[in-house]
Each structure stands twice: as structure tokens, then as C-alpha cells.
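# Breakdown of the fold
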Amino acid sequence: MPASAGDPRRMARDLAAAARVIRDAKTVRVVTHIDADGISAGAIADITLERLGKEHTVGFEKKITDEVVASVNSSPEDVVWICDLGSGYLSEFDRYGLVITDHHVPDPRWRGRQTILDSFGGVQHLNPHTYGIDGSYEVCGAGMTYLLSKEIDPANVDLAYLAVVGAVGDFQDSSNQRLVGPNAAIVGDAVANGDLVVEEDLRFYGRDTRPVNQYLQYASDPSIPGISDNPKGCYELLDSLGIQAKSGGRWRSWSDLSREEHDRAVDAILERLGPDADKAVGEMYRITRYEKGTGMSDAKEFATVLNSCGRYDDAPTGLRVCRGDVGALKVAEENRAEHRKHISTALSYIRDNHLLRERRFIQWFDAGSEVRETVVGIVAGMMLSSSDCRRNIPIIAFADSDDGVKVSARANRDLVDRGLNLSEVMKTAAEIVGGFGGGHTVAAGATIPPEKKEEFLDIVEDLVSSQIE
Ligand code: C5P
Ligand code: ZN
């Protein structure tokens, strides 16, 4: 999927206007999302405002609700700066001094430059979709926040690596096996500033923190024949290559392998992958300020640490981690252990109870109260890349939440190439049953009334089948 040409001049003009609004404000309230992208974005905004000497606060939200809209509209600060959220609900904001740096599909009821508020410069809406850039893989919420930060002060290039964490946290590197478009330029900033190194490697998850045999065993998308889901196969492969899985009684990680061992293993794995080999390699991003093995050095693993905080009501710890607070790392480490446990319990629960159901155009499961609503999307994504699922239809997941049922939808990118847009599906289907939703083409979500699940699935199935060629 190539990078779009976009409209960089218009984006530059809007960034300059938004930078003026931030510089002119005395007080700023930052509202950001609780996931890895949102926390990275919040940290970039926080540090930017701190450097400007602005009085400011940073708060986290799971999603935009009526209460959040009302609170934003009535906030006494000169400016409210919303990161990684907000675009889907643009028509509901009616305050002056609003800056949005987001990448979700914008609210279709909001007509760019036509609202009265906007003609007075009330809303600075910075979203790649409005410049012909694809917000699902070319730049994320943290990326847009970073671009504004850099516009405010070029010295803020030292925050570029946080935008890279946000981008990989939102899987923006998946479709091309590397970051492209504005994301690639942000990678360039971080590399030039000495904060990031780009490495060509296998792109499976956990190269620093998983024991090498588990790293191979859990390899998916693409899965390695005879290795993925096959512990015995992993041992045999390592054995045949003369690679010790342990050293000095400790498990070695993929990153612990020597250059020769690494290259030998890559050759053997690529051979096993055959025609899928091209899909397994690409760019990985290493953050230079952290030691390998800390779980903070690989950008993708850093993003997991942030998710382990934000999705368990502890986003402020994630923010402190992004600010380099060493004390926060220990808490984050505990959060990560909890997150791992929760995810693996969730996956076993769904499998052991045979909760996955198949329809013609979609598959779905209802995790009830067994999976947190903030994590059900991650679980759905993991299910979709496992052998339990059909890869050629979307997956829809339900989890109980305080204000109804949380829905998460995920699909593979080849379906998007055939016309699928889960953001539209979630938004339309949710509104028909009295809920709300939105997101991206490949990953979207909604909240709906509990008694409407069946009806919702029927509508989703209709919409999916009508979108796909
Ligand atoms: O929660 P989940 O990870 O499934 O969300 C997928 C994407 O959909 C996220 O980017 C989220 O912000 C978006 N979403 C939304 N409106 C909702 C729920 C999720 O825009 N009601
Ligand atoms: Zn995001």
C-alpha cells in the first residue's frame, strides 16, 4: 500500500494556525485516549506545553461520550487540546479554543471549513484524512500531535520517537511491514536525532522479551509451517541450527542471538515460509535510550507497556514512562505482567468455551464480563491472527461495559482492499440500534444497548457483505 501524495501545503498551513492558538493560550487542557497511541500523544503534548511554560493538565478518556463532549465544551481553559480522539464527534463540539490532533475517520456531519465556529477559527482540526492522507497507516494520533509540537518548536524533534511508538501501537506498520508517508518522515526525525535505529528483521512480536522458542512458537501473520503453534518444532529447529535456547540458565531472546545465529535462523525460517517469506520481514524500530531486554527498547514492546497501563485504568503511569520517569518503569512492569495474564486467560476462556461463532460474512464472540472492554479489541485481533479463526472474514467481539455492550471489530487488510470499511460499518450499525461507533477501516468499535446484539450482528453482516466486492 503506497503512501498518498496528500495535500502537504494545506496541512502545513493548518499546523501553523494551530501552533499560534497553542502559543497564545495561557491555560491548556489536554484530553487524550487511553491506548498506546493516545498515551504517546498525551506525553508529546504534555512535554511541549511544559517547555512553553504553559499552565496545563493532561486527562485520559476511553472514548468520547456525551459527558466528555459537555465537559470539553464547558472547560474554562483557553484551549482544550484533544489527541487521538475527537474527529468522529466534531459536530458536537461548540467551544472556541479547540485543537484536535487525531487520525480517526472524521464525523461526516462536520463539513470542513463550513461551520460558523470554524470560520472564526474556533476549531483547529488536524486529521490526515482531511489532507488526503490515510490515517489508518500513514500517521496516527501521536504523529499528528508530534507534527504540531514540531511546528510549535523545531527543538521538539526529540519527541519523534514517541510518535513512532504511537504508530506501531496502532499497527500502522502492518500493511507495508514498515512505516510510510508522514510516519516515515517522523522515523527520519527520530533517527536523525539519535533516538531511534531502524532494523530490518523478522517482524514477529516479542523479539526482546520472549524466550526465543516462544518468540517462534507464537509467530503469526504469517505463521511459520511446522513452527508456529508447535513447541516441539521450535526446539527441533533451534537444535538443528545449533542455537542454544538458554545461556547461563537463562532463556535467550531473539535479540540475544549472535549475528551469525540470527542470520542462520532467519534463512531457515524464510525457507519454511516459502511464498509468505516477503510478508515476514520488514522494519523494526529500536529506541536507543533503553537497554535491549527491558521491554522498552523495541518500539512495539514499548507500546505494549503503554497499553498495559492505559487499558487497566493506569494511563498516568504510561505517561510517566514516556517522560522517562524511572520510578514508573517498575509499576509499568507489574502492569505488563497483569496484562499478559489477562490476555492469555481471555484467549483460553474463548477457546475452552467454544465462544467463537461463524456466520457467512462475519465471525463473532461474546466475552461477557470475562474480558475488559478496553482489551477486547486486542483479544479480537489476536484471535483473528490465530488458527482458530477464518482470516478472510472480519471478527466482531462483545464485552460488557458500564454503559451497554462494548463492540470491537477487526479485519485483515486484504478485505479493506476489497472495499471493507469497519469504521462505517460500526458507526452505521450502532446508530441503527441506538448506540454509537467509529474508528478505522481495519479496526473499529462501538457501544450498543445489551439487548440489541443479535439485531446488530444482522446489520453488520448486511453492511459487510454489501461493501465487499
Ligand atoms: O476499542 P477498540 O480497540 O476496538 O477500538 C478500535 C478503534 O475504534 C479505536 O481506534 C477506537 O478509538 C475506535 N472506536 C470509536 N468509537 C467507539 C469505539 C471505538 O471510534 N465507540
Ligand atoms: Zn490512535
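A brief structural summary. Going along each chain's sequence as written, the residues are numbered from 1 onward. Both sets of labels track the order of writing: A upward for chains, 1 upward for ligands. Only residues with pLDDT of 70 or above have their local features reported here, since the model is predicted, and side-chain atom pairs are shown and tallied only from 80 upward, although totals for entire chains, interfaces and linings are computed over all residues. Where side-chain values are given, they derive from all heavy atoms of the structure, hydrogens and water being excluded.

### Description of the packing of helix H1 (residues 8-24) against helix H5 (residues 141-152)
Heads up, the condition is: Axes here mean lines fitted to C-alpha atoms, for a helix over just the part in contact, with angles spanning 0 to 180 degrees between N-to-C directions. Comment: elements are numbered from the N terminus, with helices defined as DSSP H or I runs of at least four residues and strands as E runs of at least two. Throughout this description, any angle smaller than 35 degrees is read as roughly parallel, any larger than 145 degrees as roughly antiparallel, any in the 65 to 115 degree range as roughly perpendicular, and the remainder as oblique. If you view the pair so one helix is near and one far, a crossing is left-handed when the near helix is turned anticlockwise from the far one by less than a right angle, and right-handed when it is turned clockwise. The contact definition used throughout considers only heavy atoms, calling two residues in contact when any of these lie within 4.5 Å. Three categories are distinguished: nonpolar for Ala, Val, Leu, Ile, Met, Phe, Trp, Tyr, Cys and Pro, charged for Asp, Glu, Lys and Arg, and polar for the others, with Gly belonging to the last.
As a packed pair, H1 and H5 sit with axes 9 Å apart at the nearest point and diverge in direction by 70°. With respect to H5, the element H1 is oriented roughly perpendicular. Two packed elements cross with a definite hand, and for H1 against H5 that hand is right-handed. Every residue of H5 that contacts H1 at Met11, Leu15, Ala16, Ala18, Ala19, Ile22 and Arg23 is listed here: Met144, Leu147, Leu148, Glu151 and Ile152. When the residues that make up the contact of H1 with H5 are grouped by side-chain class, the tally is ten nonpolar, no polar and two charged.

### Describing the coordination of the zinc ion (ligand 2)
Heads up, the condition is: The donor definition counts N, O and S atoms within 2.8 Å of each metal and applies 3.2 Å to Na, K and Ca; water is not among these atoms, so some sites may look incomplete. In these descriptions, tetrahedral denotes four donors with every angle between 85 and 135 degrees, square planar four donors and octahedral six donors with opposite donors over 155 degrees apart and the rest between 65 and 115, and irregular any other case. The rule is simple: take the accessible area with a 1.4 Å probe, protein chains only, and divide by the maximum for that residue type; under 20% is buried, over 50% is exposed, in between is partly exposed.
For the zinc ion (ligand 2), every protein donor is listed as Asp37 (OD), Asp84 (OD), His103 (NE2) and Asp170 (OD), and the spread of their distances is 2.1 to 2.2 Å. Geometry at the zinc ion (ligand 2) is irregular, judged from the four donor atoms that bind it and their angles of 84 to 170° at the metal. Of note, the donors binding the zinc ion (ligand 2) are all from one chain and are spaced D-x46-D-x18-H-x66-D. Taken as a pair, aspartate 84 in the loop between strand S3 (79-83) and strand S4 (98-101) and aspartate 170 in the loop between helix H6 (160-169) and helix H7 (182-192) lie far apart in primary sequence, 86 residues in all. Judged by its relative accessible area of 0%, aspartate 84 falls in the buried class.

### As for the site of ligand 1
Note the following rule: If a single non-hydrogen atom of a residue is within 4 Å of a molecule or strand, that residue counts as near it. For the purposes of these results, a polar contact is taken to be a pair of N or O atoms within 3.5 Å, where, inside protein, one atom must be able to donate a hydrogen and its partner to accept one; residues adjacent in sequence count only when each atom of the pair is a side-chain atom. Only the protein chains shown count as cover for residues, and the accessible areas themselves come from Shrake-Rupley with a 1.4 Å probe.
With respect to spatial proximity, 16 residues lie near ligand 1, and among them His104, Lys406, Ser408, Arg410 and Gly438 are the closest. Note that an oxygen atom of ligand 1 is positioned 2.7 Å from one of the side-chain N or O atoms of histidine 104. The backbone of glycine 438 places a nitrogen or oxygen atom 3.4 Å from an oxygen atom of ligand 1. Expressed as a share of its isolated accessible area of 460 Å², the protein-covered part of ligand 1 is 86%. Put simply, the parts of the chain that give the shell around ligand 1 at least two residues each are strand S13 (404-410), strand S14 (436-439) and strand S15 (443-448). Here the residues of the shell around ligand 1 are counted per class, giving five nonpolar, nine polar and two charged.

### Some thoughts on the environment of glutamate 291
With respect to the helices, strands and loops of the structure, glutamate 291 is situated in the loop between strand S9 (281-287) and helix H12 (299-310). Residue glutamate 291 is classed as exposed on the basis of its relative accessible area of 62%. Each C-alpha atom, one on glutamate 291 and one on arginine 51, is 27 Å from the other, the two residues being 240 residues apart in sequence.

### Describing the pattern of salt bridges
Condition: Within this document, salt bridges are pairs made up of a side-chain nitrogen of Lys or Arg and a carboxyl oxygen of Asp or Glu, the two lying within 4 Å of each other.
All told, the structure shown has 37 salt bridges when counted by the stated rule. Salt-bridge contacts for arginine 178 lead to glutamate 200; the nearest nitrogen and oxygen are separated by 3.4 Å. On the criterion of sequence distance, the pair formed by arginine 178 in the loop between H6 and H7 and glutamate 200 in strand S6 (residues 196-202) is long-range, its members being 22 residues apart. Each member of the salt-bridge network shares a partner with another, and the members are Glu199, Asp201, Arg207, Asp208, Arg286 and Asp298.

### Side note on the sheet that holds strand S10 (residues 357-358)
Note on sheets: strands pair through backbone hydrogen bonds, and any given pair is parallel or antiparallel. This is how the line gets drawn: Any two strands with at least two DSSP-identified bridges between them are counted as paired.
One open sheet holds the six strands; their spatial order is S10-S11-S12-S13-S15-S14, and the pairing between them is mixed. At either end of the open sheet lies a strand with only one pairing partner, and these are S10 and S14. Relative to S15, S13 is paired through six bridges, and the arrangement is antiparallel. Among the inter-strand pairings, lysine 406 is bridged to a residue of S15, identified as threonine 447.

### Examining the sheet that holds S3
If you walk across this open sheet you meet the five strands as S2-S1-S3-S4-S5, and the pairing is parallel. Looking along the sheet, the strands with just one partner apiece sit at the ends: strand S2 (55-61) and strand S5 (123-126). Across this sheet, the average inter-strand angle for adjacent strands is 15°, counted without regard to direction. As paired elements, S3 and S4 share four bridges and run parallel to each other. Looking across to S4, one finds that tryptophan 81 is bridged to valine 99. On top of the sheet, helix H3 (residues 66-74) reaches strand S1 (27-33), S2, S3 and S4; it is set at about 165° to S1, its chief contact.

### Observations regarding the nonpolar core
Put simply, the test is: Buried Ala, Val, Leu, Ile, Met, Phe, Trp, Tyr and Cys residues that are joined via side-chain atoms within 4.5 Å together make up what is termed a nonpolar core.
Trp81, Leu148 and Phe302 are the most contacted members of the largest nonpolar core, which has 63 residues in total. Discounting residues that sit within four places of it in the chain, phenylalanine 302 has contacts with Leu162, Val165, Ile287, Tyr290, Gly295, Met296, Val321 and Cys322. By size, the runner-up hydrophobic cluster in this structure holds 25 residues, among which are Ile362, Val407, Ala411 and Val433.

### Observations regarding the pairing of S5
Residues Val123 and His125 line one face of S5 and the alternating positions Gln124 and Leu126 line the opposite face, and both faces are buried. Inspection of the sheet shows S4 paired to S5 by four bridges, in the parallel sense. Note that in S5 the partner of threonine 101 across the bridge is leucine 126.

### Thoughts on unusual backbone geometry
Despite not being glycine, aspartate 313 shows a phi value in the positive range, around 60°. One can find aspartate 313 in the loop between H12 and helix H13 (315-322). In this structure, histidine 354 is a non-glycine residue whose phi angle is positive, near 50°. Inspection of the secondary structure puts histidine 354 in the loop between helix H14 (326-352) and S10.

### Focus: the environment of glycine 97
Mapped onto the elements, glycine 97 comes out in the loop between S3 and S4. In sequence terms glycine 97 and valine 28 are 69 residues apart; their C-alpha atoms lie 9.2 Å from each other. Once residues lying within four places of it in the same chain are set aside, the contact partners of glycine 97 are Asp78, Val79, Val80 and Gly122.

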